[in-house]
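# Close look at the chain arrangement
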Amino acid sequence: MTRERRRRLIHTRRTATGLTLAGAISFLAGMTDATGLSLTGDFVSFMTGNTTRAALSLGEGNLRHAAILLSAIMVFVLGNAVGIVIAHFSDRRTFAVLSCVSIALATASLMMGESAEMPRFYLIVASMGMVNAAVEQIEGLPIGLTYVTGALSRFGRGLGRWIIGDRRMDWTIQIVPWAGMLAGAIVGALLTQIAGAAALWLIAVFAMLVALATLLIPRRTQSRFNAAPRSPVHKKSRSQ
């Protein structure tokens, strides 16, 4: 086997591993979003929708609902920040982040009663913010785990470039998080219909199983498919 062929094989395996992981995490996000929406009536990861709904509530004079949604957006942002901090201080980035997400969801599932509805909602939102730090890109290509609008936009732009003659196909990976989110949302909706708020327990268990599965992925592989692409300037400086 030639060195070039070996490199291509390693790259393919690494990409496939990263995409499988991204799909599993998007599936988790879809389950959580569907369950959260069913339980609270508001999105727990779709902040574009919450922004629009907050604006509508403000326009209608429903200041309480607007405040809830705007607070959820801030909590989601903070959840992303916390996820990055956790990832930064961990050798096993994805395992650490997903473990924290699992613990947060398990804690949320214990919050019963009307007085616990808002804290539970915000804890679920925070967990969905954190999950975005688990995997940020695959082989230098940005990939969203809860923001499938961005994934679909990148997919559409890639399709447009392909139509006008650009034969690169890396844009096709953007369909993975969308498909994972869709499948997860279907399962989450079914689980909530069957188990109600207890569905959060099952989702927390799934998050921990994915976290444990990442321990089977070599650290070098995880670091490589999570690595940012080198800028042209950096490449030039290395070659000089």
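Residues numbered from 1 in each chain as written. Predicted model: local features only at pLDDT ≥ 70, side-chain atom pairs only at ≥ 80, totals over all residues. Heavy atoms only, no water.

### Some words on the overall build of the protein chain
Spelled out, the test is: The secondary structure listing takes helices from DSSP runs of H or I that are at least 4 residues long and strands from runs of E that are at least 2 residues long, numbered from the N terminus. Only protein chains enter the accessibility calculation, which uses a 1.4 Å probe. A residue is then buried if its area is under 20% of the maximum for its type, exposed if over 50%, and partly exposed in between. In what follows, a contact means two residues having at least one pair of non-hydrogen atoms within 4.5 Å. Per-residue accessibility takes into account occlusion by the displayed protein chains alone, with areas from the Shrake-Rupley method and a 1.4 Å probe.
Secondary structure summary: the protein chain contains ten helices and two strands in total. Each helix and strand of the protein chain, placed in order from N terminus to C terminus, yields the pattern α-α-α-α-α-β-β-α-α-α-α-α. Residues classed as buried in the protein chain amount to 41% of the 240 residues present. Counting only contacts in the protein chain whose residues sit at least 6 apart along the sequence, the fraction spanning at least 24 positions is 73%. Split by element, the accessible area of the protein chain, about 12900 Å² in all, is 65% carbon and sulfur.

### Digging into the pattern of salt bridges
For clarity, the threshold we go by: A side-chain nitrogen of Lys or Arg and a carboxyl oxygen of Asp or Glu constitute a salt bridge if their distance falls within 4 Å.
Enumeration over the complete set of coordinates arrives at two salt bridges. In this structure, the salt-bridge partner of aspartate 42 is arginine 53, at a minimum N-O distance of 3.3 Å. You can see aspartate 42 sitting in the loop between α1 (3-40) and α2 (47-60) and its partner arginine 53 sitting in helix α2, a full eleven residues away along the chain. Take aspartate 42: its relative accessible area is 7%, and that puts it in the buried class. Linking arginine 168 and aspartate 166 is a salt bridge whose minimum nitrogen-to-oxygen distance equals 2.8 Å. Of the residues examined, arginine 168 reaches a relative accessible area of 52% and is grouped as exposed. Overall, aspartate 166 belongs to the partly exposed group, its relative accessible area being 24%.

### As for the packing of aromatic side chains
Put simply, the rule is: Working definition: rings of Phe, Tyr and Trp (its six-membered ring) pair if their centres are within 6.5 Å, and the pair is stacked with planes under 30 degrees apart, edge-to-face with planes over 60 apart, and tilted otherwise.
For the coordinates displayed, the defined rule picks out three aromatic pairs. Residues phenylalanine 27 and phenylalanine 206 carry aromatic rings whose centres are separated by 5.4 Å and whose planes lie at 55 degrees to one another, so their mutual orientation is tilted. In this pair, phenylalanine 27 is assigned in helix α1 and phenylalanine 206 in helix α8 (residues 199-214), connecting sequence segments 179 residues apart. Taking 5.0 Å as the distance between ring centres and 85 degrees as the angle between the ring planes, the aromatic pair formed by phenylalanine 43 and phenylalanine 46 counts as edge-to-face. Under the relative-accessibility criterion, phenylalanine 46 is labelled partly exposed at 29%.

### Digging into a nonpolar patch on the surface
Stated precisely, the cut-off is as follows: Exposure above 30% relative accessible area and the absence of a salt bridge qualify a residue for a patch, where like charges join within 9 Å and nonpolar side chains (Val, Leu, Ile, Met, Phe, Trp, Tyr) within 5 Å.
Judged by side-chain polarity, Leu110, Trp201, Leu202, Val205, Leu209, Leu212 and Leu215 come together as a nonpolar surface patch covering roughly 660 Å² of accessible area. Looking at the nonpolar patch element by element, the count peaks at five residues for α8. If you trace the backbone, tryptophan 201 turns up in helix α8. Assessed through its relative accessible area of 41%, tryptophan 201 is described here as partly exposed.

### Quick word on the side chain of histidine 65
Definition in use: For the purposes of these results, a polar contact is taken to be a pair of N or O atoms within 3.5 Å, where, inside protein, one atom must be able to donate a hydrogen and its partner to accept one; residues adjacent in sequence count only when each atom of the pair is a side-chain atom.
Of note, histidine 65 is situated in helix α3 (residues 63-88). Here the side chain of histidine 65 touches serine 57 through a polar contact of 2.9 Å, side chain to side chain. Setting aside residues no more than four positions away along its own chain, histidine 65 makes contact with Asp42, Arg53 and Ser57.

### Points about the side chain of arginine 120
Note the threshold: As used throughout, the charge tally considers Lys and Arg to be positive and Asp and Glu to be negative, leaving His and the chain termini uncounted.
Position of arginine 120 relative to the elements: it lies in helix α5 (residues 117-131). Here arginine 120 sits buried without a salt bridge, and the closest side chain of opposite charge, glutamate 117, lies 5.2 Å off (N-O distance). Discounting residues that sit within four places of it in the chain, arginine 120 has contacts with Leu39, Ala108, Met111, Ala197 and Leu200.

### Looking at the environment of valine 97
Inspection of the secondary structure assignment puts valine 97 in helix α4 (residues 93-110). Exposure remark for valine 97: the relative accessible area of 0% places this residue in the buried category. Sequence-wise, valine 97 and isoleucine 84 are 13 residues apart; in three dimensions their C-alpha atoms are separated by 8.5 Å. When residues no more than four places from it in sequence are discounted, the contact partners of valine 97 are Gly83, Ile86, Ala87, Met130, Val131, Ala133 and Ala134.

### A few points about the packing of α2 against α3
Operational definition: A fitted line through C-alpha atoms represents every axis, and for helices the fit uses only the stretch in contact; the resulting angles, taken between N-to-C directions, go from 0 to 180 degrees. Working definition: roughly parallel below 35 degrees, roughly antiparallel above 145 degrees, roughly perpendicular at 65 to 115 degrees, and oblique for all remaining angles. It is the rotation of the near helix from the far one that decides the hand of a crossing: anticlockwise by less than a right angle makes it left-handed, clockwise makes it right-handed. All residues other than Ala, Val, Leu, Ile, Met, Phe, Trp, Tyr, Cys, Pro, Asp, Glu, Lys and Arg, Gly among them, are scored as polar; the first ten of these are nonpolar and the last four charged.
Here α2 crosses α3 at 155 degrees, and the two axes come no closer than 8 Å. The angle between α2 and α3 falls in the class roughly antiparallel. Handedness of the crossing formed by α2 with α3: left-handed. Only Leu63, His65, Ala66, Leu69, Leu70, Ala72, Ile73 and Phe76 of α3 make contact with α2, whose side of the interface consists of Met47, Asn50, Thr51, Arg53, Ala54, Ser57 and Leu58. The class makeup of the residues in the contact of α2 with α3 is ten nonpolar, four polar and one charged.

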